[in-house]
Amino acid sequence: MLEVASLMVRYGAIEAVRGLDLDVAAGEIHAILGANGAGKSSTLVGISGLVPSQGKIEFEGTDISGLPPETIARMGIGLIPEGRRIFASLTVAENLLLGGAEHASPVERKKRADEMRERFPILQERSTQKAGLLSGGEQQMLAIARALMARPRLLLMDEPSLGLAPQMVETVFDLIVELKSEGLTILLVEQNVPMSLDIADHALVLAQGRASYRGTAAEVATSDVVQGAYLGH
Amino acid sequence: MDIFIQQTINALSLGGIYALLALGLAVVFSIVRLINFAHGEVMTVTGYGMWFVLLLNLPVFVSIAVGIVSAIVIAMMMERVAFRQMRGADVTTLLITSFAVSQIIQVLFQNGISARPVAVILPDWLTASIMIGPVRVGMASVLSILVVCVALVGLRAILTRSVTGIAMRAASEDFAVVQLMGISANRVIATAFAVSGAMAGIAAVLWVAPRGSVDPLMGAVPVLKAFIATVVGGLGSLGGAVVGGFVLGAVEVYLQAFLPEAALPYRDAISLSIIVAILVLKPDGLLPERTSRRS
């Protein structure tokens, strides 16, 4: 579904991603793991078009390298950015509306927003409140719901569990599994290595902007690199 | 008391014009971080648009409509031709670009029409004064207060009810994420300039009506006042721009009316000192932009 070849992402003189190849198959959860600064987030923002990148990115057989982020979003790739980045001064309902603004007619948008409020009851309760007043976990739900309003086929999730209470982390991971079962393909960047490997089909370990290990989630979980660096065995 | 009511109406009317201009600056600044000093030339273009239509002996409402439409068109052209190429540049570069645009338009009018004012004579009923109870007030002042109210309500409706308006508010908070929603950056920015142009066009009509003439530099003073108003209100905050505009209008009008004659030459010095005092007490302005912005 997504084929990335020799991806390079740089910020000024800093090369965050240096020649990464990545294949994500339709319907899978593909995890990207690695230490802080390994280039995980940069890979996602590079694919989404938010920062310029070099290399080749193909989505469902179409070359999307160099396209502006709004075009890539309209083609069916959603990104839930690190830190959620909900629109704090807008209401919950307005956040949802913008998520579907370019993807659905007003009637369809309303229908999807109702579905989201049904799925995430807290968004129903807080519909007219400013999104900035939500708790961290609620904001994450809103960020996910906002992305789902576009009905993406590929969802890029950047650290969805970051800064959340343990119980909320469980909820988020359960939700990711649920989204997969509904047919969504997910590229997941996470710091929570054990839980990610638990739900992922494939995983890629990044170090200094390059792939240091890749394989099925089970292979990665038992590999020396992950055992040593992340699981503490 | 009558004089006070009279001056209050004048203050509201002048403050309203400043508020519209300041809003135009703030709408654009909040989204693209550009302080558009060519905003004054949007007023100038409106003035000459009105002048041209009146030369053709067309009715005054056609002249006003053409004036406002030309304001929207010129504001969108500025964005398309000059500012879009500079998108993402730093604040200084954007500022210098806006001075260049401003200078070019001024020189075009100076050389193409005349450096001297040309008359824009509006019908008597627009410039007459009327009695409201015991108080004599200018028709232009009363109309301008009404028009400003309608414009503010209209802008509020756009920003809270239309998808593009909501996207504009979102873009002032986090432009990158607006693009992640698939919303076109060009469309959001072009709409911001159109709204800004419409506000400047309406302000220009209200500015020109009581003065009866336009000249190539007519936008310079009001846009400077509008800039002061946006800073007083809190740069980038739309509510702040409105409040700042009315505060500045009130300070200017009341000082003019109630200062002793010997102190009148110092009116601008005193009014700017009051502004400085406000900024010393509230350095971020009266209603600062609340959301922290991502780099």
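Bear in mind the structure is a predicted one, so any value in this text is a computation, not a measurement.

Thresholds, definitions, all that
- Residues numbered from 1 in each chain as written.
- Chains lettered and ligands numbered in written order.
- Predicted model: local features only at pLDDT ≥ 70, side-chain atom pairs only at ≥ 80, totals over all residues.
- Heavy atoms only, no water.
- Helix = DSSP H or I, 4+ residues; strand = E, 2+ residues; numbered from the N terminus.
- Rg over C-alpha atoms; globule rule 2.2 N^0.38 Å.
- Buried < 20%, exposed > 50% of the residue type's maximum accessible area, 1.4 Å probe, protein only.
- Contact = heavy atoms within 4.5 Å.
- Areas by Shrake-Rupley, 256 points an atom, 1.4 Å probe, with all protein chains shown as cover.
- 1 Å grid on protein atoms, 1.4 Å probe; cavity = no way out; pocket = protein on both sides within 12 Å on 5 of 7 lines; lining within 4 Å.
- Points joined across faces, edges and corners; volume = space filled by probe spheres on them.
- Nonpolar A, V, L, I, M, F, W, Y, C, P; charged D, E, K, R; others polar.
- Expected span 1.5 Å × (residues − 1).
- Arc of directions from axis to C-beta.
- pLDDT = per-residue confidence, 0-100.
- Phe/Tyr/Trp six-rings, centres within 6.5 Å; stacked < 30°, edge-to-face > 60°.
- Lys NZ or Arg CZ within 6 Å of the ring centre and 35° of its normal.
- Core = buried A, V, L, I, M, F, W, Y, C linked by side-chain atoms within 4.5 Å.
- Buried area = accessible area lost by both parts, 1.4 Å probe.
- Salt bridge = Lys/Arg side-chain N within 4 Å of Asp/Glu carboxyl O.

What follows is about the overall build of chain B. On a plain count of helices and strands, chain B comes out with 12 helices and 4 strands. By the compact-globule yardstick of 19 Å for 295 residues, chain B fits well, its C-alpha radius of gyration being 19 Å. With the C-alpha coordinates aligned to their principal axes, the bounding extent of chain B is approximately 60 × 50 × 35 Å. Split into buried and exposed, the 295 residues of chain B put 51% on the buried side. Pairs at least 24 apart in sequence give 75% of the contacts found in chain B among residues at least 6 apart. Taken as a whole, chain B presents about 13,100 Å² of accessible surface, with 69% of it coming from carbon and sulfur.

Time to look at empty space enclosed by the protein. Within the structure shown, the criterion is met by 2 cavities of 30 Å³ or more. Its boundaries defined by the atoms lining it, the largest cavity holds a volume of some 40 Å³. Considering the residues around the largest cavity, the lining is formed by Leu25, Ala26, Phe29, Leu34, Ile35, Phe227, Thr230 and Leu235 of chain B. Looking at which element gives the most residues to the lining of the largest cavity, the answer is helix H1 (residues 2-32) of chain B, with 3 residues. Considering only residue class, the lining of the largest cavity consists of 7 nonpolar, 1 polar and no charged. Of the pockets and cavities examined, the second largest cavity occupies roughly 30 Å³. Taken together, Ser48, Pro69, Ile72, Ala73, Ile77, Gly78 and Leu79 of chain A together with Leu180 of chain B form the lining of the second largest cavity.

All names here are of chain B. Helix length check: helix H12 (residues 267-281), at 15 residues, gives a terminal C-alpha distance of 21 Å against a target of 21 Å (1.5 Å per residue), a fit within 8%. The set of residues buried in H12 consists of Ser271, Ile275 and Ile278. For H12, the angular spread of the buried residues around the axis is 55°, confining them to a single face. Exposed side chains of H12 directed beyond 90 degrees from the buried face belong to Val280 and Leu281. Structurally, H12 contributes buried residues whose contacts are with helix H10 (220-233) and helix H11 (238-258).

Take the side chain of Glu79 of chain B next. All names here are of chain B. Mapped onto the fold, Glu79 is located in helix H3 (residues 60-83). Residue Glu79 is classed as buried on the basis of its relative accessible area, which comes to 2%. If we ignore the near neighbours within four places in the chain, the residues touching Glu79 are Arg84, Arg87, Ile189, Ala190 and Phe193.

What follows is about the confidence of the model for chain B. Any region with low pLDDT has predicted coordinates that should not be read closely. Here chain B shows a mean pLDDT of 92. Residues at 70 or above account for 98%. The ipTM assigned to the predicted complex is 0.91, against a pTM of 0.90.

Let's shift gears to the packing of aromatic side chains. Tallied over the full model, the rule gives 8 aromatic pairs over all chains. On the basis of an interplanar angle of 10° and a centroid distance of 4.3 Å, the ring pair of Tyr48 of chain B and Phe109 of chain B is categorised as stacked. Here the residue Tyr48 of chain B occupies a position in helix H2 (residues 39-55), and Phe109 of chain B occupies one in helix H4 (residues 91-112), the gap between them amounting to 61 residues. Taken individually, Tyr48 of chain B and Phe109 of chain B each receive the classification buried, so the pair is uniform in this respect. Linked through ring pairs, Phe4, Tyr254 and Phe258 of chain B together constitute an aromatic cluster. The ring of Phe87 of chain A is capped by Arg146 of chain A, whose NZ or CZ atom sits 4.9 Å from the centre of that ring. Across the ring face of Trp207 of chain B, the terminal group of Arg211 of chain B is positioned such that the distance to the ring centre comes to 3.6 Å.

The subject of this paragraph is the nonpolar core. Ranked by size, the top nonpolar core spans 113 residues in total, and within it Leu2 and Leu187 of chain A carry the most contacts. In terms of residues, this core owes the most to one element, helix H9 (residues 185-211) of chain B, which gives 16 residues.

This part takes up unusual backbone geometry. Although it is not a glycine, Arg85 of chain A adopts a positive phi angle of roughly 50°. One can find Arg85 of chain A in the loop between strand E6 (77-80) and helix H3 (92-100). The exposure class of Arg85 of chain A is buried, given its relative accessible area of 18%. If you check the backbone angles, Arg33 of chain B has positive phi at about 60° while not being a glycine. Locating Arg33 of chain B in the fold gives a position in the loop between H1 and H2.

As a further point, take the interface of chain A and chain B. On the chain B side, the residues contacting the 24 residues of chain A number 21 residues. Surface buried jointly by chain A and chain B totals about 2,000 Å² across both partners, of which 61% is contributed by carbon and sulfur atoms. Between Arg169 of chain B and Glu94 of chain A there is a salt bridge; the shortest N-O distance is 2.9 Å. Sorting the residues of the side of chain A that touches chain B by element identifies helix H2 (69-74) and H3 of chain A as the ones contributing at least two each. Here the residues of the side of chain A that touches chain B are counted per class, giving 12 nonpolar, 5 polar and 7 charged.

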